[in-house]
Amino acid sequence: MAAVGLCPLPSRALCRRVLGLVSLRRGYRGDSPTDSGKDVLEIPLPPWQERPDEPLQTKRARLLYESRKRGMLENCILLSLFAKENLNRMSEQQLNRYDRLINEPSNDWDIYYWATEAKPTPAEFENDVMAMLREFAKDKKREQRLQQPDLEYLFEPPH
């Protein structure tokens, strides 16, 4: 037992009892059988608004940042790599659709499930940018995608 090695020899029995209690509570989900949900605080997100007067360079920089800073690691990796590969060649209309895609849904898991085709994409998000993201998520090049790209590529001259 790995936990036994953590305890000094004379008090192993005590440690087993204490560690045993801890391991029993790992799956704790709450004692209330009829959870009313009254203790859940839901903070409403402001509605997404298109920014028609935003300069393209500013929009690309903002979308790059928002692609990297998500609520979950899976989307941080997926969207930041997608942004690195695609943002600079997207049209203004595609940038607007990508902006809406990553900022309008209130749940990042939805975006991930749509991109990986675990759930169908709602009609309002079904467009060329979503198709690009789905294709990118398939990773046909079999790249190792374990972390976000470094930002040095931003300072390289365009190819």
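None of these values were measured; they are calculated from a predicted model. (Residues numbered from 1 in each chain as written. Predicted model: local features only at pLDDT ≥ 70, side-chain atom pairs only at ≥ 80, totals over all residues. Heavy atoms only, no water.)

Before going further, it helps to examine the packing of aromatic side chains. Following the criterion strictly, the structure yields 6 aromatic pairs and no others. A ring pair is formed by phenylalanine 82 and phenylalanine 136, whose centres lie 5.7 Å apart and whose planes are at 70 degrees; its orientation type is edge-to-face. On the criterion of sequence distance, the pair formed by phenylalanine 82 in helix α3 (residues 73–86) and phenylalanine 136 in helix α6 (residues 128–137) is long-range, its members being 54 residues apart. The class of phenylalanine 82 is buried, set by a relative accessible area of 0%. Overall, phenylalanine 136 belongs to the buried group, its relative accessible area being 7%. Among the aromatic residues, those joined into a cluster by ring pairs are Phe82, Tyr98 and Phe136. Above the plane of the ring of phenylalanine 125 lies arginine 100, whose end atom (NZ or CZ) is 4.9 Å from the centre. (Phe/Tyr/Trp six-rings, centres within 6.5 Å; stacked < 30°, edge-to-face > 60°. Helix = DSSP H or I, 4+ residues; strand = E, 2+ residues; numbered from the N terminus. Buried < 20%, exposed > 50% of the residue type's maximum accessible area, 1.4 Å probe, protein only. Lys NZ or Arg CZ within 6 Å of the ring centre and 35° of its normal.)

With that out of the way, let us pick up the pattern of salt bridges. For the structure shown, the criterion picks out 11 salt bridges. We note a salt bridge from aspartate 99 to arginine 62, for which the minimum N-O separation is 2.7 Å. Of the two residues, aspartate 99 is situated in helix α4 (residues 92–103) and arginine 62 in helix α2 (residues 56–68); the sequence distance between them amounts to 37 residues. Classification of aspartate 99 by relative accessible area gives buried; the value is 1%. A salt bridge links lysine 138 to glutamate 117; the shortest N-O distance between them is 3.8 Å. (Salt bridge = Lys/Arg side-chain N within 4 Å of Asp/Glu carboxyl O.)

Let us now look at the environment of glycine 71. The residue glycine 71 is located in the loop between α2 and α3 in this model. The class for glycine 71 is exposed, based on a relative accessible area of 75%. Sequence spacing of glycine 71 and aspartate 108 is 37 residues, and the spatial spacing of their C-alpha atoms is 6.5 Å.

Our focus in this paragraph is the confidence of the model for the chain. When pLDDT is averaged across the chain, the result is 75; 63% of the residues are at 70 or more. A low-confidence stretch, residues 1–5 stays under pLDDT 50, and its non-local contacts, those more than four residues away or across chains, total 3 contacts. Ignoring residues within four places in sequence, the model shows residues 11–32, a span with pLDDT below 50, making 7 contacts including any to other chains. (pLDDT = per-residue confidence, 0-100. Contact = heavy atoms within 4.5 Å.)

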